[in-house]
Amino acid sequence: MLFLVGLLLPLLFFYFGWFGKSWINNLTLAMVYVLLGLGLNIVVGLAGLLDLGFVAFYAVGAYFLALGAEYLGIGFWTALFLAPLLAALCGGLLGFPVLKMHGDYLAIVTLGFGEIIRLVLVNWISFTGGPNGASVPDPTIFNLEFVRRARGDAVAFHDFFGLPYSSDYRYLFVYLLLFVISMIALRFFTQLRVMPIGRSWEALREDEIACRSLGINHVTVKLSAFMLGAMIGGLAGVFFATAQGFISPQSFNFFESVLILSIVVLGGMGSSIGVIIAAFTLTLLPEFLREFAGYRVLIFGLLMILMMIWRPNGLLRPKRSVFRKSEVA
């Protein structure tokens, strides 16, 4: 029911004119942070690896689409499949040198990795565009373009379906595709948590020495967490770049890493549903508090303090599977 509501309700609002372009963008941004939260939840929530540079994989996915379109002619669908693989490779490159690090030391190294990526994007002006950023091409679907007049042998989306032209079709398409992929990722991670690899992540989080004494290969477990989380971060970057139409290094600063980590902590370490609730709260709440925009960071800090006092385990604490004696017998 929740899946159908999230999928069909925006369509109904858009059809009756209750749903403007700004709210489509807000919902799309919220779903991007849901993906980012789910990805970081693997690294921090399940595996217990404190990662403060997760925004680097987010930037890799976004810039892969923008620069790939500029230099290689790569489109949205190609980037949707290749950018997560590139981000996963970067996650492996980051995870391998830090296998023996824990806690604060791991956080400092990952923070440095995120800053390295950001500085490369800022200073490599001839390739990335530097502070000026890079433009992102519009998405297409089966050779249908979301423009008033299609180019070449392509067909305009509204002409093909006999609809009046609206630029909102593009944003609605991005939201619907992102929503479906996010729900698939949610289902996948929910099942992954009860599988052997998910239990290995939790064992690593609780006690690495005990985990290794049970014969679990901590190298494989850590790398799998880093790479799978980075893959989701790269996927979210592609959707962010497509929705915005333009990206710059300012979109991938340290505050973004803090925001994603806050989503995981507030939602509950290891809780996928809690991460979704926290992502929507921290993304959409500022839109209702635009009159207090100058106090946004202050309100955010107070919210974190109150949550740590009231619900130190997050909004929804994940529950372990329980077996009855009759089932065991």
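See the structure printed just above.
Values in this document were obtained by computation on a predicted structure and should not be read as measured data. (Residues numbered from 1 in each chain as written. Predicted model: local features only at pLDDT ≥ 70, side-chain atom pairs only at ≥ 80, totals over all residues. Heavy atoms only, no water.)

K.L.:
Outline the environment of alanine 203, supporting the account with residue identities and numerical values.
P.N.:
By secondary structure assignment, the location of alanine 203 is in helix 9 (residues 196-206). The sequence separation of alanine 203 and serine 182 amounts to 21 residues, and the corresponding C-alpha distance is 26 Å. With near-sequence residues (within four places) excluded, alanine 203 lies in contact with Glu208, Cys211 and Ile216. (Helix = DSSP H or I, 4+ residues; strand = E, 2+ residues; numbered from the N terminus. Contact = heavy atoms within 4.5 Å.)

K.L.:
Lay out empty space enclosed by the protein with the relevant residues and their values.
P.N.:
A complete count under the given rule lists four cavities of 30 Å³ or more for this structure. Size it by volume and the largest cavity reaches roughly 60 Å³. In terms of lining residues, the largest cavity is bounded by Leu38, Asn41, Ile42, Leu46, Phe189, Arg193, Gly270 and Ser272. The greatest single-element share of the lining of the largest cavity, amounting to four residues, is contributed by helix 2 (residues 21-46). In terms of residue class, the lining of the largest cavity is made up of four nonpolar, three polar and one charged. (1 Å grid on protein atoms, 1.4 Å probe; cavity = no way out; pocket = protein on both sides within 12 Å on 5 of 7 lines; lining within 4 Å. Points joined across faces, edges and corners; volume = space filled by probe spheres on them. Nonpolar A, V, L, I, M, F, W, Y, C, P; charged D, E, K, R; others polar.)

K.L.:
If you had to explain helix 5 (residues 103-123) to someone new, which residues and values would you point to?
P.N.:
The terminal C-alpha atoms of helix 5, which comprises 21 residues, lie 30 Å apart, in line with the 30 Å expected from a rise of 1.5 Å per residue. The set of residues buried in helix 5 consists of Leu106, Ala107, Thr110, Phe113, Gly114 and Leu121. Viewed end-on, helix 5 has its buried residues packed into an arc of 125 degrees, placing them on one side of the element. Exposed residues on helix 5 whose side chains face more than 90 degrees from its buried face are Asp104, Tyr105, Ile108, Ile116 and Asn123. On its buried face, helix 5 sits against helix 3 (55-71), helix 4 (76-95), helix 6 (125-128) and helix 11 (218-244). (Expected span 1.5 Å × (residues − 1). Buried < 20%, exposed > 50% of the residue type's maximum accessible area, 1.4 Å probe, protein only. Arc of directions from axis to C-beta.)

Note that all results are geometric; they support no functional claim without further evidence.
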